[in-house]
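Chain and residue survey
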Amino acid sequence: MSKVVVVTSGKGGVGKTTTSASLGAALAQAGQNVVVVDFDVGLRNLDLVLGAERRVVFDLVNVVQGDAKLAQALIKDKRVDTLSLLAASQTRDKDALTEEGVKAVIDELRTKFDWIICDSPAGIEKGAMLAMRFADVAVVVTNPEVSSVRDSDRIIGMLDSKTVRAENGETFEKHLILTRFNPVRAAKGEMLGVDDVLEILAIPLLSIVPESPDVLNASNVGCPVTLNSPGSAAAKAYTDAAKRLLGEKVEITTPTEEKQGLFSRLFGRKAVA
Amino acid sequence: MPVTAAAPALPQLRIRGRSFMCLILAPEPPLDAWFQALDEQLRRAASYFVNKPIVVNLAVAQEAGGKLDEIVAALEARGLYIIAVEGLTPDELAGTRWAGLPDLRQKPQDREDPVGGKVIDIPDDPLPAPNVPAVTSLLIDRPVRSGQSIIFEDGDVTIIGPVSSGAEVIAGGSIHIYGALRGRAIAGLRAGANARIFCHKFGAELVAIDGVYDTPESWSAAFNNRAAQVRLEDGVLNIAPLA
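My aim in this report is to walk through the structure given alongside it, one point at a time. Since we're looking at a predicted model, the values are computed, not measured.

Procedures and definitions
- Residues numbered from 1 in each chain as written.
- Chains lettered and ligands numbered in written order.
- Predicted model: local features only at pLDDT ≥ 70, side-chain atom pairs only at ≥ 80, totals over all residues.
- Heavy atoms only, no water.
- Contact = heavy atoms within 4.5 Å.
- Buried area = accessible area lost by both parts, 1.4 Å probe.
- Salt bridge = Lys/Arg side-chain N within 4 Å of Asp/Glu carboxyl O.
- Polar contact = N/O pair within 3.5 Å; in protein donor to acceptor, adjacent residues only side chain to side chain.
- Helix = DSSP H or I, 4+ residues; strand = E, 2+ residues; numbered from the N terminus.
- Expected span 1.5 Å × (residues − 1).
- Pairing = 2+ DSSP bridges.
- Axes fitted to C-alpha atoms, helices over the stretch in contact; angles between N-to-C directions.
- Buried < 20%, exposed > 50% of the residue type's maximum accessible area, 1.4 Å probe, protein only.

Notes on the interface of chain A and chain B
Listed per partner, the contact involves 11 residues of chain A and 14 residues of chain B. Surface buried jointly by chain A and chain B totals about 940 Å² across both partners, of which 37% is contributed by carbon and sulfur atoms. The largest contributions to the chain A side of the interface with chain B come from R150, D153 and E199 of chain A, which together make up 47% of the buried area. The tally of links between chain A and chain B comes to four salt bridges. Between R150 of chain A and E205 of chain B there is a salt bridge, with its nearest N and O atoms 3.0 Å apart. The tally of links between chain A and chain B comes to nine residue pairs in polar contact (both at pLDDT 80 or more). Within the residue set of the side of chain A that touches chain B, elements represented by two or more residues are α7 (146-162) and α10 (194-201) of chain A. In terms of residue count, α7 of chain A provides more of the side of chain A that touches chain B than any other element does, six residues in total.

Some remarks on helix α1 (residues 31-44) of chain B
Look at α1 of chain B: 20 Å from first C-alpha to last across 14 residues, which is about the 20 Å you get at 1.5 Å a residue. Looking at the packing, one finds that the buried side of α1 of chain B touches β1 (23-25) and α3 (68-77) of chain B.

Details of the sheet that holds strand β6 (residues 137-142) of chain A
Residue and element names in this part refer to chain A. A sheet is described by the order of its strands in space; here eight strands give the open sequence β3-β4-β2-β5-β1-β6-β7-β8, paired in mixed fashion. Each edge of the open sheet carries a strand with a single partner, namely β3 (75-76) and β8 (205-210). Looking at chain direction, strand β7 (residues 173-181) and β8 are connected through four bridges and run parallel. Across the sheet, L178 pairs through a bridge with I208, a residue of β8. Against the sheet, α10 contacts β6, β7 and β8, and its axis sits at roughly 150° relative to β7. Contacting β5 (115-119), β7 and β8, helix α13 (residues 233-245) runs over the sheet at an angle of about 170° to β8.

Regarding the pattern of salt bridges
Side chains that carry opposite charge are capable of pairing whenever their charged atoms lie near each other. A full pass over the atoms with the stated rule returns 24 salt bridges over all chains. Note that R133 of chain A is salt-bridged to E167 of chain A, the shortest N-O span being 3.1 Å. Of the two residues, R133 of chain A is situated in helix α6 (residues 126-133) and E167 of chain A in helix α8 (residues 164-167); the sequence distance between them amounts to 34 residues. Here R133 of chain A falls in the buried class, since its relative accessible area comes to 14%. Linking E233 of chain B and R231 of chain B is a salt bridge whose minimum nitrogen-to-oxygen distance equals 3.5 Å. Judged by relative accessible area, which is 34%, E233 of chain B ranks as partly exposed. When salt bridges that share partners are traced, they join R110, D136, R165 and E170 of chain A into one network.

Spelled out as structure tokens, the structure:
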């Protein structure tokens, strides 16, 4: 029984693509057959984050429009062989996608994969609507700041009304991944706390990903953080999220302030190499 | 430059239309009973017809054999001020003091007779059940998310869950929120100033009752995150904590 997961947020730049790649990789590392689909037609990034930018020949738009077969467009990851990518087109725009075309692609992907992870574009326009349209589960990515939380709230409202499942009156699972969480700033009250966000959004928490250079490095080298630095707190957050999606009960860890020694406090700022 | 001599200036005529109200009485056979009913009406509300111009519609009475002059005389004997009769052809009016009056609108053949004189078969079934009163409240038992708008003009709205920043609830009556109010609440579209807004946790972006609105700039932060009610008193919104 395959599951279609939409990774969405409303606001841009909160970590949808990073989360799609990392969660996809984590699920694949757990032995699941996973495809990550980039719906951000015109501004594709998922290929970069997965390090597959030089291997894209055919993309989602080609498949939706019938110019290429799905098998031709799927790109298998070189590090985890159960992970595949369906890239977006960089030269087209969101109008190149049609609801019927997307449905056909998703239906075909359902026959091949356990998890279909749809990386939604920012905004609430056509691209984002089509990314969520056929989903079974949503992962809402939110930063602990008011603008991101409000946009996520808006997206949750749309998930509850604009998806096929919602229109059929079926339940629609929604999970929250809180990214860029900085325990030091949260403790100082400079960003919203976990409880504040959960109170406003009122959906279950899937994971808290700390703000971390590991995440940035992973994006830069084109390798999901769960593969690039598996021991990091961010990688653990995504691995735990994948386990929870698979039904395992894993305690949620809230990142805490790291105890710093005298030297790291004195020389806390790293020189830029 | 020679100017042709103008004709002596005549005053410009002003011709306007105006509507006047007058009462129409239509005596119906049997005339005795009808006049009894009229007397009863006059006894109960003597001033009702005083100085009111009255037009008598004789279309029905004439068909039943009533005499125009007798009917008018009987009416005038009761102190009614008859200014015209209607419902008769000019021939029928000939010889009476009403002859030559402009033909008022309704002639016998104009009377509404949609079935063309056929006997209407009135079914013998019972009256339909009285209308069930319309639903006057709306219950929403999930969060109202940013960008969503709940509009219910017919009565109160009850929400079990939060109303998020950027969401709005608009109600004809009062608004009850069992949760945090962080968006807009607009009450009293129908109920007016009697409507109120209640919430478990106050933090609204805007509240309005009966068109009077207010934003957080003008209320104390002391209400924030407390159970509160908003009501309209003498045209001013009053926010008070709920005990």
